[in-house]
Amino acid sequence: MDFANDPQALLERVKALGTGGRVLIGIAGCPGAGKTTMAAWLARTLDAGGTRAVQVPMDGFHLANAELVRLGRRGRKGAIDTFDGDGYRALLERIAAERTTVYAPEFDRTVGEPVAGSIAVPPDAEVVVTEGNYLLDASGPWPAVRAALTEVWYCETPEPLRLERLIARHERFGKAPGHARSWVAEVDEPNAERIRAARERANLVLDFEALGIYS
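Asks: Looking at this model, I keep getting lost on the overall build of the protein. Mind explaining?
Replies: Summing up its helical and strand segments, the protein has eight helices and eight strands in all. Taking 2.2 N^0.38 as the reference for a compact globule, 215 residues should give roughly 17 Å; the C-alpha atoms of the protein span a radius of gyration of 17 Å, in line with that estimate. A principal-axis box enclosing the C-alpha atoms of the protein has dimensions of 50 × 35 × 30 Å. Each of the 215 residues in the protein was classed as buried or not, and the buried ones make up 47%. Excluding contacts between residues fewer than 6 apart, the proportion of contacts in the protein whose partners are at least 24 apart in sequence is 74%. Accessible surface computed for the protein: about 9,700 Å², of which carbon and sulfur atoms make up 52%. For the protein, the distance from the average site of its 26 positive side-chain charges to the average site of its 30 negative ones is 2 Å.

Asks: I would appreciate a short explanation of the packing of helix α6 (residues 159-172) against helix α7 (residues 177-197) in the present structure.
Replies: Angle between the axes and distance between the axes are the two parameters that describe a pair of packed helices. In the contact formed by α6 and α7, the axes pass within 9 Å of each other and the chain directions differ by 130°. Here α7 runs oblique to α6, going by the angle between their axes. For α6 against α7, the interelement crossing comes out right-handed. Of the residues in α7, those in contact with Glu159, Arg162, Leu163, Leu166, Ile167, His170 and Glu171 of α6 are Pro177, Ala180, Arg181, Trp183, Val184, Asp188, Glu189, Ala192 and Arg196. Considered class by class, the residues forming the contact of α6 with α7 number eight nonpolar, one polar and seven charged.

Asks: Whenever I open this one, the packing of aromatic side chains confuses me. Can you help?
Replies: If you walk through the whole model with that rule in mind, you get four aromatic pairs. Lying over the aromatic face of phenylalanine 173, arginine 109 brings its terminal NZ or CZ to 5.9 Å of the ring centre. The ring of tryptophan 183 is capped by lysine 175, whose NZ or CZ atom sits 4.6 Å from the centre of that ring.

Asks: In this structure, what is going on with helix α1 (residues 7-17)? I would like to understand it.
Replies: An α-helix turns once per 3.6 residues; consequently, residues spaced three or four apart project the same way. Among the residues making up α1, those that are buried are Leu10, Leu11 and Val14. Viewed end-on, α1 has its buried residues packed into an arc of 100°, placing them on one side of the element. Between the side-chain oxygen of the N-cap and the backbone nitrogen of glutamine 8 there are 3.1 Å, and the N-cap of α1 in question is aspartate 6.

Asks: Before we go on, may I ask you to explain the nonpolar core in this structure?
Replies: Counting 33 residues, the largest nonpolar core has Val56, Tyr88, Ile95, Val121 and Leu135 as the members making the most contacts within it. For this core, the secondary-structure elements that each account for two or more residues are β2 (23-28), α4 (85-97), β4 (102-108), β5 (113-121), α5 (142-148), β7 (151-156) and α7. Considering every element that reaches this core, the biggest residue donor is α4, with four residues. Sequence-distant contacts of valine 121, that is, excluding residues within four places in its chain, are made with Arg22, Val54, Val56, Ile95, Thr100, Thr101, Val102 and Val128.

Asks: Help me out: how do you make sense of the pairing of β4 in this one?
Replies: Two faces make up the sheet, and in a regular strand the side chains alternate between them. As defined by bridge partners, β4 adjoins β5 across six bridges and the pair is classed as antiparallel. Note that in β5 the partner of tyrosine 103 across the bridge is alanine 120. Hairpin connection, β4 to β5: the antiparallel pair is bridged by four residues, and glycine 112 has positive phi, about 70°.

Asks: Just checking my understanding: could you explain the sheet that holds strand β1 (residues 2-4) for this structure?
Replies: In any sheet, the strands associate via hydrogen bonds between backbone groups, in a parallel or an antiparallel arrangement. Taken in spatial order, the six strands of this open sheet run β1-β8-β7-β2-β6-β3, and their pairing is parallel. Two strands bound the open sheet, and with one partner strand each, they are β1 and β3 (53-55). For this sheet, the mean angle separating the axes of adjacent strands, direction not counted, is 25°. Against the sheet, α1 contacts β1, β2, β6 (127-132), β7 and β8 (204-207), and its axis sits at roughly 165° relative to β7.

Rules and cut-offs
- Residues numbered from 1 in each chain as written.
- Predicted model: local features only at pLDDT ≥ 70, side-chain atom pairs only at ≥ 80, totals over all residues.
- Heavy atoms only, no water.
- Helix = DSSP H or I, 4+ residues; strand = E, 2+ residues; numbered from the N terminus.
- Rg over C-alpha atoms; globule rule 2.2 N^0.38 Å.
- Buried < 20%, exposed > 50% of the residue type's maximum accessible area, 1.4 Å probe, protein only.
- Contact = heavy atoms within 4.5 Å.
- Areas by Shrake-Rupley, 256 points an atom, 1.4 Å probe, with all protein chains shown as cover.
- Lys, Arg positive; Asp, Glu negative; His and termini not counted.
- Charge placed at Lys NZ, Arg CZ, Asp CG, Glu CD.
- Axes fitted to C-alpha atoms, helices over the stretch in contact; angles between N-to-C directions.
- Parallel < 35°, antiparallel > 145°, perpendicular 65-115°, else oblique.
- Left-handed = near helix turned anticlockwise from the far one by under 90°.
- Nonpolar A, V, L, I, M, F, W, Y, C, P; charged D, E, K, R; others polar.
- Phe/Tyr/Trp six-rings, centres within 6.5 Å; stacked < 30°, edge-to-face > 60°.
- Lys NZ or Arg CZ within 6 Å of the ring centre and 35° of its normal.
- Arc of directions from axis to C-beta.
- Polar contact = N/O pair within 3.5 Å; in protein donor to acceptor, adjacent residues only side chain to side chain.
- Core = buried A, V, L, I, M, F, W, Y, C linked by side-chain atoms within 4.5 Å.
- Pairing = 2+ DSSP bridges.

In short, geometric facts, not functional conclusions.
Right, here's the structure in full:
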């Protein structure tokens, strides 16, 4: 496992991986660690530099709220069993193997639901960047998810800062301050403990603050 804090080195690493076909980069990490910002930056910067790249988030595979209610899991949305892991695996395998346009879902935070067919992965996409909590997990379909990816990077941020940003995000999307803090403590942090336990399986560990990527 390597460590990285140089944005240019990351770009060069991805380009070097591309000699054998389409590259799929996964970015794992705890809630609030910066993995979505990191994935967006990587796809956007590669694309602007002439390497066709698309971002496909794992969050599009959240189960619908109505299904979470039916299963009794609505109060811990974000736990590993609140995602369609097999659907995500199947999508990544299609993206890795097919050179037709593949459509992926996106998670709409304003309504808290996934929206099907929102992201097009075109045939000429050279790099697909995906991010999510459980890309390195050893249970269920997740080892097959890992196998579909060229590399998985683990994004980490100092804990006090990560928690501050995570609480602020919950508040921004509608939770009252007290509810945001209790949700982080009771739902997000048990998930984070599981995610951290898989860190050693990553190809690369990213120091998000040292990379200086904020949008």
